[in-house]
Amino acid sequence: MSGAPHAGGALMRPLIMGIVNVTPDSFSDGGLHLDPGAAAAHGEQLLAEGADLLDVGGESTRPGAEPVAEGEEIRRIIPVIEALRARTDRPISVDTMKPGVARAAAAAGATVWNDVTALEGSPRSLALAAELGCGVVLMHMRGTPSTMQAAPQYDDVVAEVAAYLGGRVEAAVAAGIARSKIWIDPGIGFGKTRRHNLMLIARLDRLALLGIPVLVGASRKSFIARTAGDGAGEAGRLGGSLAVALAAAARGAAALRVHDVAATRQALAVAAAIEEARGDG
Ligand code: HH2
């Protein structure tokens, strides 16, 4: 998480965070990689496809998901983080709301804490992140995963999400977390209607104005199928996911959390080459 948020090249492209779920019920690949060996193999595949970092999670945060006990979450993810750590130097983040899980993940080799509660999940979270010295992803969510999609309302969703994230950045810095270690995330699908999600992506440049790298996680989420009106299941949402990736990249996203690493890389590379060619013509 330290250093430049963008990978090289004349035009900056967002980093690609590959998703490794070790859960029975995640958004799109729940149950596929509950076996640690299969999950680690999946992570290796994403690295081979060009993932810049991997996000390992053991608790689904999909709307209506049931909480997972800390011991079970640790049991799911630690062997996977250890196996991946042994095979790559690229950063590994842990997707968790629990300080106990974050601590165990850091001991196993994770260097980034991706927290959908923006380190509000426990009164101990901020201090622990400062103590670990890890990178942090502070994500906006309204409500909890079990309640968040019950008629979310905002007066101005972009301004409210920006204000919240700005406040959490200051709270993190005040707790001793280096500003250079912080990313922010609008939390696509977390307490937002389809329209809220679209507005946040359309005006991502306003979040980028906070001067903190912005991560976007929209891959295969249900608003894509609702927007296209095709009722596609998770695995059938690649086209829409790539559309979001390109829109987010054009508006200054520093990183994209995705399931389909190879396709996202290809889309970003071609879009960047087209932009570069403008200068030649
Ligand atoms: N979305 C999910 C989980 N973690 N973290 C960040 N920073 N941003 C996100 O948008 C985000 C996230 C989605 O939940 P899950 O049920 O775990 O599905 P999947 O990991 O397959 O996307």
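An account of the accompanying structure is given in this report.

Moving on: the nonpolar core. Ranked by internal contacts, the top residues of the largest apolar core, which has 60 residues, are V56, I77, I81, V136 and V216. Residue contributions to this core peak at seven residues, all from helix α5 (residues 157-174). With eight residues, the next largest nonpolar core counts M17, W183, L215 and A255 among its residues.

Let us now look at the environment of R206. Residue placement: R206 occurs in helix α7 (residues 204-208). The class for R206 is partly exposed, based on a relative accessible area of 31%. Between the C-alpha atoms of R206 and A269, which are 63 residues apart in sequence, the distance is 24 Å. With residues up to four places along the chain from it excluded, the contact list for R206 reads D156, V158 and A159.

With that out of the way, let us pick up α5. In this model α5 runs 26 Å from its N-terminal to its C-terminal C-alpha over 18 residues, within 8% of the 26 Å that 1.5 Å per residue would give. By the burial criterion, the buried members of α5 are V157, V158, V161, A162, L165, G166, R168, V169 and A172. One side of α5 carries all its buried residues, which in axial view fall inside an arc of 165°. Exposed and oriented more than 90 degrees from the buried face of α5 are A163 and A174. Next to the buried residues of α5 lie α4 (125-132), β5 (135-139), β6 (182-185), α6 (194-202) and α7.

Turning to the packing of α5 against α6, a few remarks are in order. Across the interface, α5 lies against α6 with an axial gap of 9 Å and an inter-helix angle of 70°. If you check the angle between α5 and α6, you find them roughly perpendicular. For α5 against α6, the interelement crossing comes out right-handed. Listed contacts from α6 to V157, V158 and V161 of α5 are H196, M199 and L200. Considered class by class, the residues forming the contact of α5 with α6 number five nonpolar, one polar and no charged.

Each value, and the rule that gives it
Along each chain, the written sequence defines residue order, and numbers are assigned to residues from 1. Per-residue local features are limited, in this predicted model, to residues with pLDDT of at least 70; the limit for side-chain atom pairs, both in listing and counting, is 80 or more; totals at the level of whole chains, interfaces and linings are taken over all residues. The basis for every side-chain value is the complete set of non-hydrogen atoms in the structure, without hydrogens or water. The nonpolar core is taken to be a set of buried Ala, Val, Leu, Ile, Met, Phe, Trp, Tyr and Cys residues, with the residues joined through side-chain atoms within 4.5 Å. Relative accessible area decides the class of each residue, using a 1.4 Å probe on protein chains only: under 20% of the type maximum gives buried, over 50% gives exposed, and in between gives partly exposed. Numbered from the N terminus, helices here are DSSP runs of H or I no shorter than four residues, and strands are runs of E no shorter than two. Should any heavy atoms of two residues lie within 4.5 Å, those residues are counted as being in contact. Between the first and last residue of a helix there are one fewer steps than residues, each counted as 1.5 Å, and that sum is the expected span. The arc in question is traced by the directions running from the helix axis to the C-beta atoms. Under this scheme, a helix contributes an axis fitted over its contacting stretch, all axes are lines through C-alpha atoms, and angles between N-to-C directions fall in the 0 to 180 degree range. When an angle is under 35 degrees it counts as roughly parallel; over 145 it counts as roughly antiparallel; between 65 and 115 it counts as roughly perpendicular; any other value is oblique. Two helices cross in a left-handed way if the nearer one is turned anticlockwise from the farther one by less than a right angle. They cross in a right-handed way if the turn is clockwise. As a working rule, the residues Ala, Val, Leu, Ile, Met, Phe, Trp, Tyr, Cys and Pro are called nonpolar, Asp, Glu, Lys and Arg charged, and the rest polar, with Gly in that last group.

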